[in-house]
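The residues making up each chain are set out below.
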Amino acid sequence: MRVNSPTTGLPTRLRGGRFINAGAMLAGLLLAALAQPCMAQQSSEAGPITPSAAQADASLHKGGTLRLVASASGGTLDPQINYGARFVNLFANVYDGLTAFRKVAGPAGAQIVPDLAENIPTPTDGGLTYSFTLRPGLRFSNGQPVSVQDVRASFQRLFKVASPTAGAFYGTIAGADACLNTPATCTLEKGVEIDPAQRRITFHLTRPDTEFMHKLAFIHAVILPASSPAHDTGNTPLPGTGPYQLETYDPATRLELGRNPYFQPWNPQAQPEGFPDRITYSFGIPDETAVTAIENNQYDWMADPIPLDRLGEIGSRFTSRTHVMPHPAIYFLSMNMHEPPFTELAARQAVNYALNRKALVILYGGPGIARPLCGMVPTSLPASDIGCDYTLGASPENPAPQWRGPDLERARALVRASGTAGQKVTLITANTSTDIAMGTWLRDMLESIGYKASVRPLNGNIAFPYMQNTDNHVQIGLTGWAADYPSPSNFLDALLGCENFHPHSDSSINLPGFCDKQTQDLMERARSDTALTDEARNAIWRQVNEHVMALSPMAPAFETESVILTSERVKHFIYTTINQVLFSQVWLH
């Protein structure tokens, strides 16, 4: 999913570099020192952090209003369309799918558990058939019973509303191709079979998908009433099955959640009962103001990353309330392979060679929360260990063991060899001060290797969809991506699979328009060959990562950690691999 763009009070150029370096290094050292204690605190504070422990203490810790804050809203409330971290992680407390990621801290939070389904099925028919039984007695937050008809309609709706992951995640369901071609008439009649009498839902796939259970656990596969409109509902909330319901929403000011009166915990590992009575989300509060407000206990948590000029402050003065948490997320440059100058391989490789990853790490917040990255997979996931093709003294044929620094001379030579020197290049970024700072530095980099470059910042909610639509003729863009589930495929296939390039659409997350047959064949094998061991599958994803970097549709910049500041009253802080902070599990008493 698209990560939230950071905001800082940095100057927009790298002038005064020593000052920026010193501040970033100090903040980075403080946060690096904090990282391990905060992770330990999460797993030991108030005893073992598990939903079962939380349930035992429910009578003591229920109640209160959890107060969230952000500089802007997260966009549409439609859970099958929104693909931004700001709301997707909140929706985990409102909606459920047939399966879910286990809601516990640490690596166990990546495990798949049954949610609205009674069981996790063993696939049959060579990995082509999955049969679930819907739990009895489930109700939506409007009181309506949940039926197998709702399940089938929810998967039809994925295609009818052009969900960003419809093809990428659910394209193996029989009938999906027809639904992608003509969404309005989508039936999935051969792909999603239902038996109301037995409460059974059976999925039939056209080819095996070894990550199908993970994709069913992602937020876009939540179950909604069959009567839900076949279009983006925008500011209108849809009924869910989780412990909270969306009540009122004004994108300019506020979102309010209250308890779902029909919620009964059926599997606390998948969807535990909530502790706060209400959750409020205030918008329009600048990040600097939000930090001060949380320090003063006026808010409990902020969506925007902590500004660089405040990292040292919170690390030294609010140590027990500052959490540095691992989360697979990266920042990268995407180069449109269908727009000059990046139709040329040499031009794309030139950008990779010229990219000063260390400078961008400093602009983002320092080495305590970011590290240079040479491939498209974060180092916390398999298949990331491919070496570094684009650094001093290295090449795709002879990669270095790690990034050593930019090679501007080689970059300039490649630009000249590509025949694109002197062409105009416009870089798209989000309009946060950090993205603008990085974008301005990148503009200067592009000029230094031979282009006439400019930077165009756009509103954070607009920038990513704008980059996706080929009608906008975006040449190059700076953006970020976080894992929907912990797999290299979620970075390689999701961002670069042929099936994820949709011209003339705002839902085309394959930003470069990359489609290479050899790479696609490797990805297809890694996804569908059920005979592969984990080691063999990861070896294929490593090959994919190497192929991608050799063709350079993107220039990976750095990977990041999450830095979270909470108010004094927030206890029972649980951070998961997938959903990040579990808002439903916060104790306010």
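Located above this text is the structure these notes cover.
Residues numbered from 1 in each chain as written. Predicted model: local features only at pLDDT ≥ 70, side-chain atom pairs only at ≥ 80, totals over all residues. Heavy atoms only, no water.

**Quick look at the overall build of the chain**
Phase 1 of the analysis: Each helix and strand counted, the chain has 18 helices and 18 strands in total.
Phase 2 of the analysis: Taken against the 2.2 N^0.38 rule, which gives 25 Å for 589 residues, the C-alpha radius of gyration of the chain at 23 Å falls within 12% of a compact globule.
Phase 3 of the analysis: The dimensions of the chain, computed from C-alpha atoms along their principal axes, are 70 × 55 × 40 Å.
Phase 4 of the analysis: Within the chain, the fraction of its 589 residues that count as buried is 61%.
Phase 5 of the analysis: Residue pairs at least 24 apart in sequence account for 72% of intrachain contacts in the chain once pairs closer than 6 positions are excluded.
Phase 6 of the analysis: Working note: accessible area of the chain is about 20,700 Å², and carbon and sulfur atoms make up 52% of it. (Helix = DSSP H or I, 4+ residues; strand = E, 2+ residues; numbered from the N terminus. Rg over C-alpha atoms; globule rule 2.2 N^0.38 Å. Buried < 20%, exposed > 50% of the residue type's maximum accessible area, 1.4 Å probe, protein only. Contact = heavy atoms within 4.5 Å. Areas by Shrake-Rupley, 256 points an atom, 1.4 Å probe, with all protein chains shown as cover.)

**Some words on the sheet that holds strand β8 (residues 254–259)**
Phase 1 of the analysis: A sheet is described by the order of its strands in space; here five strands give the open sequence β7-β8-β9-β1-β10, paired in mixed fashion. Each of the sheet's edge strands pairs with one partner strand only, and the pair in question is β7 (244–250) and β10 (301–302).
Phase 2 of the analysis: In terms of strand pairing, β7 meets β8 through six bridges, oriented antiparallel. Of the residues in β8, the one forming a bridge with Tyr-249 is Leu-255. (Pairing = 2+ DSSP bridges.)

**Digging into helix α18 (residues 534–551)**
Phase 1 of the analysis: A rise of 1.5 Å per residue sets the reference length of α18, with its 18 residues, at 26 Å; its end C-alpha atoms lie 26 Å apart and thus fit the reference within 8%.
Phase 2 of the analysis: Residues of α18 that are buried include every one of Arg-537, Ile-540, Trp-541, Val-544, Asn-545, His-547, Val-548 and Met-549, and no others.
Phase 3 of the analysis: Where α18 is buried, its residues meet α11 (345–354), α16 (489–496), α17 (517–528) and β16 (554–565).
Phase 4 of the analysis: A positive phi of about 55 degrees marks Ser-552, the residue just after α18. (Expected span 1.5 Å × (residues − 1).)

**Here's the deal with the sheet that holds strand β6 (residues 200–204)**
Phase 1 of the analysis: What the three strands build is an open sheet, ordered β4-β6-β5; its pairing is antiparallel. Sheet topology places β4 (129–133) and β5 (192–195) at the edges, where each strand pairs with a single neighbour. For this sheet the average axis-to-axis angle between neighbouring strands, irrespective of direction, equals 15 degrees.
Phase 2 of the analysis: Direction of pairing for β5 relative to β6: antiparallel, over a ladder of four bridges. (Axes fitted to C-alpha atoms, helices over the stretch in contact; angles between N-to-C directions.)

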